Amino acid sequence: MRKTFFGSIILMTSLFAISCQLKTEEKKEEKIEKEVKVTLSEGDKIINQVIKAHGGELYTSAYYSFIFRKNEYSFKNSGNSYIYTVKRKTENKVIEDVLNNGKISRTINGESTALNERDKLRYSESLNSVIYFATLPYKLNDAAVNKEYKGEITIKNELYKVVQITFNQEGGGKDFEDQFYYWINAKTNTIDYLAYSYKVNKGGVRFRSSYNKRNVDGIIFQDYINYKAEVGTPLSDLPKLYEENKLKELSKIVTENVVNLKAN
């Protein structure tokens, strides 16, 4: 009896200690979560709202295809993993590149073919760039992304919140020195305009105006008119130049035949 009694006491004491420890850990986690919420910058908060407006959690498991400049692209997300593809057709060849979590491979007419290091980098960047812009603003919460709220302005009688995007060198890719501005519609939280400056090939400044905004099974896709400004033009000046018709139209960025492959 005594052994049973003391055994029960020890068991109850152990369970109580474990319970207290679990509660302590839960409180620590709650405290950490609260601290993270408190430390979010205004830029972070705005971008979170933008991502939610454009598709939110649907991006993390999205699987879509589309046509861009006559080539067939697809992206398949699974949490932090991804597979991007592009298929190009010529008269007698079908060339398919697959970017699987940063590693690229190529087939020609279904047969594997080797790429040298230079081509691996070139085609990886090209494929990644197309998917990046097609799925904006999905990647704006990556670890290497810095967001700074720059205030509000009016463009064509609509109010916009302005967020500047820069990148850390670590994790920011080859073009980490590029700088972006996003103009977010204050009513809809969607990206109506964006601009960026880059330094490669003697540098450049671009401004994009969105159009043909459509919702495809919960995710927003949109096309852009691409404009050029003089090298060195501050990105903050571009909306005014746009309204004054002082930007030169270069091209249209059009994603056609968008298909949700998960629905098929």
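Not measured: the values here are computed from a predicted model. (Residues numbered from 1 in each chain as written. Predicted model: local features only at pLDDT ≥ 70, side-chain atom pairs only at ≥ 80, totals over all residues. Heavy atoms only, no water.)

Observations concerning the environment of Glu42
Right, so step 1: Assignment of secondary structure puts Glu42 in helix H2 (residues 42-54).
Right, so step 2: Measuring from C-alpha to C-alpha, the distance between Glu42 and Glu148 comes to 7.3 Å, with 106 residues separating the pair along the chain. (Helix = DSSP H or I, 4+ residues; strand = E, 2+ residues; numbered from the N terminus.)

Some words on the side chain of Gln164
Right, so step 1: Looking at the secondary structure, you find Gln164 in strand S8 (residues 158-167).
Right, so step 2: A relative accessible area of 12% places Gln164 in the buried class.
Right, so step 3: A distance of 3.4 Å separates the side chain of Gln164 from the side chain of Gln179, its partner in a polar contact.
Right, so step 4: Those residues in contact with Gln164, other than ones at most four positions away along the chain, are Asn146, Lys147, Glu148, Lys150, Gln179, Phe180 and Tyr181. (Buried < 20%, exposed > 50% of the residue type's maximum accessible area, 1.4 Å probe, protein only. Polar contact = N/O pair within 3.5 Å; in protein donor to acceptor, adjacent residues only side chain to side chain. Contact = heavy atoms within 4.5 Å.)

Quick look at the sheet that holds strand S14 (residues 256-260)
Right, so step 1: Taken in spatial order, the seven strands make up an open sheet running S6-S5-S4-S3-S2-S1-S14, and their pairing is antiparallel. Looking at the sheet topology across the chains shown, the edges are occupied by strand S6 (111-113) and S14. The sheet shows a mean angle of 20° between the axes of neighbouring strands, taken without regard to direction.
Right, so step 2: The sheet contact formed by strand S1 (residues 63-68) and S14 spans three bridges and is antiparallel. (Pairing = 2+ DSSP bridges. Axes fitted to C-alpha atoms, helices over the stretch in contact; angles between N-to-C directions.)

A closer look at the confidence of the model for the protein
Right, so step 1: Averaged over all residues, the pLDDT of the protein equals 88, while 83% of them reach at least 70.
Right, so step 2: In this model, residues 1-17 is a region of pLDDT below 50 whose contacts with residues beyond four sequence positions or in other chains number zero contacts. (pLDDT = per-residue confidence, 0-100.)

Side note on the nonpolar core
Right, so step 1: Formed by 43 residues in total, the largest nonpolar core has its most connected members in Tyr64, Phe66, Tyr73, Phe75, Leu136 and Tyr182.
Right, so step 2: Ignoring anything within four residues of it in the chain, the contact list for Phe75 reads Ala62, Tyr63, Tyr64, Phe66, Ile83, Tyr84, Ile131, Thr135 and Phe221.
Right, so step 3: Tyr193, Ile225, Tyr227 and Tyr242 belong to the second-largest nonpolar core, a separate cluster that totals 16 residues. (Core = buried A, V, L, I, M, F, W, Y, C linked by side-chain atoms within 4.5 Å.)

Quick word on helix H3 (residues 117-134)
Right, so step 1: For H3, spanning 18 residues, the distance from its first C-alpha to its last is 26 Å, which sits close to the expected 26 Å at 1.5 Å a residue.
Right, so step 2: Buried within H3 are the following residues: Asp119, Ser124, Leu127, Val130, Ile131, Tyr132, Phe133 and Ala134.
Right, so step 3: Regarding H3, its N-cap is Asn116, as a side-chain oxygen of that residue lies 3.2 Å from the backbone nitrogen of Arg118 further along. (Expected span 1.5 Å × (residues − 1).)

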